[in-house]
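A structural walkthrough
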Amino acid sequence: MSQRSNARRGAASGATSTAPAASAEPGAVLRFEEVRENPRVGFYVRKADEALAEIGYTEHGERHVGLVARIAFNVLKRLGYPERTAELAAIAGYLHDIGNAVNRDHHAQIGAVMAMQLLSDMGMSDEEILQVIGAIGNHHENDGDPVSPVAAAVILADKSDVHRTRVRNPDMIKFDIHDRVNYAVEKSFLNVDEAGKRITLELTVDTAISQVMEYFEIFMTRMLASRKAAKFLDVSFGLTVNGNRLT
Ligand SMILES: [Fe+2]
Ligand SMILES: [Fe+2]
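The following refers to the structure shown. (Residues numbered from 1 in each chain as written. Chains lettered and ligands numbered in written order. Predicted model: local features only at pLDDT ≥ 70, side-chain atom pairs only at ≥ 80, totals over all residues. Heavy atoms only, no water.)

A word on the sheet that holds strand β4 (residues 244-245). If you trace the 4 strands from one edge of the open sheet to the other, you get β1-β2-β3-β4, paired in mixed fashion. What marks the edges here is a single partner per strand, and that holds for β1 (185-193) and β4. Here strand β3 (residues 236-241) runs beside β4; their pairing, made up of 2 bridges, is antiparallel. Counted as the bridge partner of Val241 is Asn244 from β4. (Pairing = 2+ DSSP bridges. Helix = DSSP H or I, 4+ residues; strand = E, 2+ residues; numbered from the N terminus.)

The structure is reproduced here in structure tokens:
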């Protein structure tokens, strides 16, 4: 671990690169697992989730960011992007919500600056950092755009995570519309059809808890963001609820 850290520092400062053979591209040295297992990363992921718990938001912790990382990686991998580009999307996915530790407003941009510091300390090159923080800073539907494949993958992954396990409030009677919509979703799956050039968010929704219209009310802007992100990747975006195609 320390050897590899030293190698990264050497590469970052222009010394001869001793990147591990597993790296797909020159300079591609900081692995996703190293980011995920870094204690400082763990600390900020945890604190961001705790801050959101304080203000009544759904779960945004390890489960959410781990899932976003995995889905973002898979989206690019399935669409034929280089392994390292997919890994950068995984890293961006894992770090995308740490800005919530500072403030919910502008958490995407705040998180980008925080990630820059963390990744720089871990020895990532500026070129790769830029890809990661560009994705983090653009992941939120209100003030972000798919500026790169990495950013588009993180948007698609983030917007697809709607599930009952995200609801913290144990009291159904006190559910707000976000809780209700999340709780109603028993299964969500982002299906990437590389041959058909189509990405579909497949939801299984308990309509006794939340009507499909409520889902639209909450998630219309998210769906539009997903469609835009898919378009950037040159694929179409669709949504199915209980097997019925809605878009
Ligand atoms: Fe976010
Ligand atoms: Fe998120």
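Alright, that's what it looks like, and here's the rest.
Moving on to the nonpolar core. Ranked by internal contacts, the top residues of the largest apolar core, which has 65 residues, are Val75, Ile91, Leu95, Leu119, Leu156, Leu203 and Tyr215. Excluding residues within four positions of it along the chain, Leu95 makes contact with Val35, Val41, Ala115, Leu119 and Ile136. (Core = buried A, V, L, I, M, F, W, Y, C linked by side-chain atoms within 4.5 Å. Buried < 20%, exposed > 50% of the residue type's maximum accessible area, 1.4 Å probe, protein only. Contact = heavy atoms within 4.5 Å.)

Turning next to the coordination of the iron ion (ligand 1). Surrounding the iron ion (ligand 1) are the protein donor atoms Asp97 (OD), His107 (NE2) and His139 (NE2), at 2.1 to 2.2 Å. For the iron ion (ligand 1), the single-chain donor residues occur in sequence as D-x9-H-x31-H. (Donors = N, O, S within 2.8 Å, 3.2 Å for Na, K, Ca; no water.)

The next thing to look at is the coordination of the iron ion (ligand 2). The protein atoms donating to the iron ion (ligand 2) are His64 (NE2), His96 (NE2), Asp97 (OD) and Asp158 (OD), with metal-donor distances spanning 2.2 Å. Because the angles between the 4 donor atoms bound to the iron ion (ligand 2) fall within 83 to 171 degrees, the donor set is best described as irregular. All donors to the iron ion (ligand 2) come from one chain, and their sequence spacing reads H-x31-H-D-x60-D. Here the iron ion (ligand 2) and the iron ion (ligand 1) are spaced 3.6 Å apart, with Asp97 acting as a shared donor. Note that His64 is positioned in helix α4 (residues 62-78) and Asp97 in the loop between α5 (83-95) and α6 (107-121), a separation of 33 residues in sequence. (Tetrahedral: all angles 85-135°; square planar, octahedral: opposite > 155°, others 65-115°.)

As a further point, take unusual backbone geometry. Residue His106 is not a glycine yet carries a positive backbone phi of 60 degrees. Mapped onto the elements, His106 comes out in the loop between α5 and α6. Here His106 falls in the exposed class, since its relative accessible area comes to 56%. One non-glycine residue, Asp234, lies in the positive phi region at around 65 degrees. Of note, Asp234 is situated in the loop between α10 (212-232) and β3. Owing to a relative accessible area of 53%, Asp234 belongs among the exposed residues under this scheme.

Keep in mind these values describe shape, not function.
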